[in-house]
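# Notes for the structure review
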Amino acid sequence: MLSAESATARAGRGGVMFSFDRRDFGPEFIFGVATAAYQIEGGQGDGRGPSIWDSFSATPGNVHNGDTGREACDHYRLWPQDLDLIRDGGFDAYRFSFAWPRLIPEGTGAVNPAGLDFYDRLIDGMLERGIKPYATLYHWDLPSALQDRGGWMNRDIAGWFADYATLVAEKFGDRLHATATINEPWCVAFLSHYLGVHAPGYRDLRAAARAMHHVLFAHGTAVDALRAAGAKNLGIVLNLEKSEPATDSEADRDAAGFGDALFNRWYLGGICKGQYPAELTEWLAPYLPEDYQRDMEVVSRPLDWLGINYYTRGLYKASSQPGRPVERVEGPLEKTDIGWEIYPQGLTDLLVRVSREYTRIPLYVTENGMAEVEGDDDPRRTRYYEDHLKAVLAARAEDADVRGYFAWSLLDNYEWAEGYAKRFGLVHVDYATQRRTPKSSYRAFQGLLHNTR
Ligand code: IFM
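The structure reproduced in this document is the subject of the present report. Since this is a predicted model, take the numbers as computed values, not measurements.

Cut-offs and rules
- All residue numbers refer to positions counted from 1 along the written sequence of the respective chain.
- Two thresholds apply to this predicted model, a pLDDT of at least 70 for residue-level local features and 80 or more for giving and counting side-chain atom pairs, whereas whole-chain, interface and lining totals are computed over all residues.
- Derived side-chain values reflect all non-hydrogen atoms in the structure, with water molecules and hydrogen atoms excluded from consideration.
- Labels follow the DSSP assignment, with helices taken as runs of H or I lasting at least four residues and strands as runs of E lasting at least two, numbered in each case from the N terminus.
- For the radius of gyration, the atom set is restricted to C-alpha positions; the globular benchmark scales as 2.2 Å times the number of residues to the power 0.38.
- Exposed residues in this analysis have more than 50% of their type's maximum accessible area, buried residues have under 20%, and partly exposed residues fall in between, with area computed by a 1.4 Å probe over protein chains only.
- Throughout, a contact is declared for two residues whenever any of their heavy atoms are within 4.5 Å.
- With residues, only the protein chains shown are counted as cover, and all accessible areas are computed by Shrake-Rupley using a 1.4 Å probe.
- One heavy atom within 4 Å of a molecule or strand makes the whole residue count as near it.
- Throughout this description, a polar contact denotes any pair of N or O atoms lying within 3.5 Å of each other; where both atoms belong to protein, one of them has to be capable of donating a hydrogen while the other can accept it, and for residues adjacent in sequence the pair is counted only when both atoms sit in side chains.
- Residues are grouped as follows: Ala, Val, Leu, Ile, Met, Phe, Trp, Tyr, Cys and Pro are nonpolar; Asp, Glu, Lys and Arg are charged; all remaining types, including Gly, are polar.
- Should DSSP find at least two bridges between two strands, the strands are regarded as paired.
- Only the stretch in contact is used when a helix axis is fitted, and all axes are lines through C-alpha atoms; the angle between N-to-C directions ranges over 0 to 180 degrees.
- The cut-offs work like this: below 35 degrees is roughly parallel, past 145 is roughly antiparallel, 65 to 115 is roughly perpendicular, and the gaps in between are oblique.
- Working rule for handedness: look at the near helix, and if it is turned counterclockwise from the far one by less than a right angle, call the crossing left-handed; if clockwise, right-handed.
- Centres within 6.5 Å are what make two rings of Phe, Tyr or Trp a pair, Trp counting through its six-membered ring; a difference in plane orientation under 30 degrees is then read as stacked, over 60 as edge-to-face, and the rest as tilted.
- Charges are assigned to positions over rings by a cutoff of 6 Å between ring centre and Lys NZ or Arg CZ, combined with an angular limit of 35 degrees from the ring normal.
- What is called the bend at a residue is the angle between a pair of axes, fitted to the seven residues leading up to and ending at it and to the seven starting from it.
- Definition used for salt bridges: Asp or Glu carboxyl oxygen within 4 Å of a side-chain nitrogen of Lys or Arg.

Within the protein one finds 16 helices and 13 strands. The C-alpha atoms of the protein give a radius of gyration of 21 Å, which matches the 22 Å a tight globule of 453 residues would have. With the principal axes as the frame, the protein shows a C-alpha extent of 60 × 55 × 45 Å. A burial count over the protein gives 64% of its 453 residues as buried. Sequence-distant contacts in the protein: of pairs separated by 6 or more residues, those separated by 24 or more amount to 75%. Accessible surface, the protein as shown: approximately 16700 Å² in total, 47% of it carbon and sulfur.

Structure (structure tokens):
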């Protein structure tokens with residue numbers, strides 16, 4: 001292991017550098033960056049259909065400052081320079097998402113040729129630069145026409161999603177290194193249908209219960225469709241949080257257990273074991289789709305890898321409000337600019353837990369990163385990455401089979417309900433000019449990865 005001093009000398013640049021060496025992760029370990037279509041693409045003409053985020057963000061009060069993804073980072077036009085940044089940073093892989101409404105504007109039926117052309121160019125551009133494409137089919141931009149038909153609340157979404165998956169596999173499958181079905185099903189279901197924070201903005205337990213099941217049923221159905229069309233290396237990306245009690249009281253420990261079921265075990269249990277946690281099936285019993293159990297074999301289709309997005313922990317206390325099972329409380333640890341506690345140990349704990357209790361398929365950290373105040377010099381972000389990459393090494397030392405790590409995000413981008421106010425990028429984006437400026441955290445990765453691909 002190199003000292004911080006020698007790593008800095010090796011990179012020959014100023015700023016905070018990583019204290020470890022790429023070789024500590026082994027020759028096969030994948031380093032990548034991640035983004036998502038709605039957060040960076042813009043380019044909403046050219047045959048792209050409307051998505052739920054277009055109307056949700058156009059509705060006053062939903063998004064900070066009324067920001068929308070209309071232009072975002074203009075990646076639709078500027079993708080060549082963005083791929084150059086990935087290559088020049090020394091990254092092996094790029095995790096991106098397809099926009100369903102760009103490929104199939106109404107969600108089902110007619111395909112948009114300009115959408116096919118865009119992703120053709122983008123994927124070929126990655127391959128030309130020696131970057132492995134890691135694709136996600138769904139990162140939250142549901143075609144509005146499907147929301148009109150009930151979206152994730154309608155069981156038919158499994159068929160709509162499978163048809164879309166087939167199109168992607170047929171057009172691009174032979175060039176994709178890996179494909180994930182869904183990004184962060186907890187956000188698709190609970191955050192968007194119970195907490196109302198993301199599109200479509202429901203606050204309704206029945207809507208949430210249905211979405212919680214249908215999103216996983218659609219995932220399994222898409223896995224079947226992708227495999228039937230010859231796609232390889234399939235997975236799903238879960239956002240997991242380490243659940244901890246606010247105090248050592250029995251009530252708070254129970255609350256943390258319930259929070260864990262809601263955030264983690266519903267998805268891990270469904271996908272890896274074909275079983276949802278009993279406390280949730282009891283709580284949601286009046287609202288879950290009838291006979292949901294018949295779908296569990298599809299929900300738990302074998303996968304080739306599992307992606308884990310990790311940002312922080314969840315701290316829980318027993319709820320004082322009737323009908324509300326638990327409450328989250330603010331913790332005392334140092335926080336990022338979006339208010340999330342910085343807790344690298346939680347990443348080690350989750351990776352070890354998943355590999356001991358749920359699955360031995362390869363794990364990837366498919367997102368990790370922090371929001372930081374605007375600026376090109378971001379030593380706190382470099383330290384965040386340093387501590388979380390060490391957490392990955394610690395998990396590997398405990399036999400968790402972690403094969404790769406993707407930083408969120410390549411660029412500052414549209415942070416959903418927070419609009420453009422929260423910046424997660426390794427590269428600064430001036431939204432007025434679309435000028436990209438690498439931050440010192442990007443340079444730290446460059447120092448780590450340069451000339452080692
Ligand atoms: O920006 C999001 C991303 O779309 C999904 N995972 C969490 C990130 C930060 O909030």
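What follows deals with the site of the ligand. Taken together, the residues surrounding the ligand are Gln39, His139, Trp140, Asn183, Glu184, Tyr311, Trp340, Glu367, Trp408, Glu415, Trp416 and Phe424. His139 has a polar side-chain atom sitting 2.8 Å from an oxygen atom of the ligand. Side-chain polar atom of Glu184 to a nitrogen atom of the ligand: 2.7 Å apart, as the coordinates give it. Relative to its unbound accessible area of 280 Å², the ligand is 95% covered by the protein chains. Tallied by class, residues from the shell around the ligand come to 6 nonpolar, 3 polar and 3 charged.

For the bond running from Ala199 to Pro200, omega is 10 degrees, close enough to zero to count as cis. Relative to the assigned elements, Pro200 resides in the loop between helix H9 (185–193) and helix H10 (205–228). For the peptide bond that leads from Trp408 to Ser409, omega is 15 degrees, which places it in the cis range. The backbone of Glu184 shows a phi angle near 55 degrees, a positive value even though the residue is not glycine. Relative to the assigned elements, Glu184 resides in the loop between strand E4 (178–183) and H9.

The 3 strands lie next to each other as E6-E8-E9, forming an open sheet whose pairing is mixed. Unpaired on one side and paired on the other, strand E6 (242–245) and strand E9 (326–328) mark the two borders of the sheet. Strand-to-strand twist of the sheet, defined as the mean angle between neighbouring strand axes without regard to direction, takes the value 40 degrees. When E6 meets strand E8 (residues 313–318), the two strands line up parallel, connected through 4 bridges. Bridge assignment links Glu244 to a residue of E8, and that residue is Leu315. The sheet strands contacting helix H11 (residues 250–273) are E6, E8 and E9, and the helix crosses E8 at an angle near 130 degrees.

It is the contact of helix H14 (residues 344–357) with helix H15 (residues 379–397), at a shortest axis distance of 8 Å, that shows an interaxial angle of 30 degrees. When the axis of H14 is compared with that of H15, the two are roughly parallel. The crossing of H14 and H15 is right-handed. Here H14 contributes Pro344, Leu347, Thr348, Leu351 and Val352 to the contact with H15, which in turn contributes Asp387, His388, Ala391, Val392, Ala394 and Ala395.

The full count for this structure, using the stated rule, is 46 aromatic pairs. Relative to Phe445, the ring of Phe18 has its centre 5.0 Å away and its plane inclined at 70 degrees; by these criteria the two rings are edge-to-face. Residue Phe18 is located in the loop between helix H1 (4–11) and strand E1 (30–34), and its partner Phe445 is located in helix H16 (residues 440–449); the two are separated by 427 residues in the primary sequence. Exposure remark for Phe445: the relative accessible area of 1% places this residue in the buried category. Between Trp266 and Tyr276 the ring centres are 3.6 Å apart and the planes differ by 5 degrees, which places this aromatic pair in the stacked class. Of this pair, Trp266 sits in helix H11 while Tyr276 sits in the loop between H11 and helix H12 (278–283), and the two are 10 residues apart along the sequence. Residue Trp266 is classed as buried on the basis of its relative accessible area, which comes to 0%. In this structure an aromatic cluster arises from ring pairing among Phe18, Phe20, Phe25, Phe29, Phe31, Phe91, Tyr384, Tyr385, Tyr405 and Phe445. Of note, Arg102 hangs over the ring of Phe118, and the distance from its end group to the ring centre comes to 5.5 Å. Note that Arg313 overlies the ring of Tyr343, its terminal NZ or CZ placed 5.0 Å from the centroid.

A separate point is helix H4 (residues 75–88). Every α-helical turn comprises 3.6 residues, leaving residues that sit three or four positions apart pointing alike. Taken as a whole, H4 carries its principal kink of about 35 degrees at Gln81. Residues of H4 that are buried include every one of His75, Tyr76, Leu78, Trp79, Asp82, Leu83, Leu85 and Ile86, and no others. Gly90 sits one or two residues past H4 and shows a positive phi near 90 degrees.

With respect to the helices and strands, the residue Leu78 is situated in helix H4. In this structure the C-alpha to C-alpha distance between Leu78 and Gln434, which are 356 residues apart in sequence, comes to 8.8 Å. Other than its neighbours up to four places away in sequence, Leu78 contacts Cys73, Gln434 and Arg436.

All chains considered together, the criterion is met by 40 salt bridges. The residue Arg301 makes a salt bridge to Asp224 at a minimum N-O spacing of 2.6 Å. A residue pair is termed long-range when its members are at least 10 positions apart, and Arg301 in the loop between helix H13 (296–299) and strand E7 (305–309) and Asp224 in helix H10 qualify at 77 residues. Relative accessible area serves as the criterion here: at 30%, Asp224 is assigned to the partly exposed category. Across the pair Asp260 and Arg265 runs a salt bridge whose closest N-O atoms are separated by 3.0 Å. Asp260 gets classed as buried once you look at its relative accessible area, which sits at 8%.

The quantities given are spatial measurements derived from coordinates; they are silent on function.
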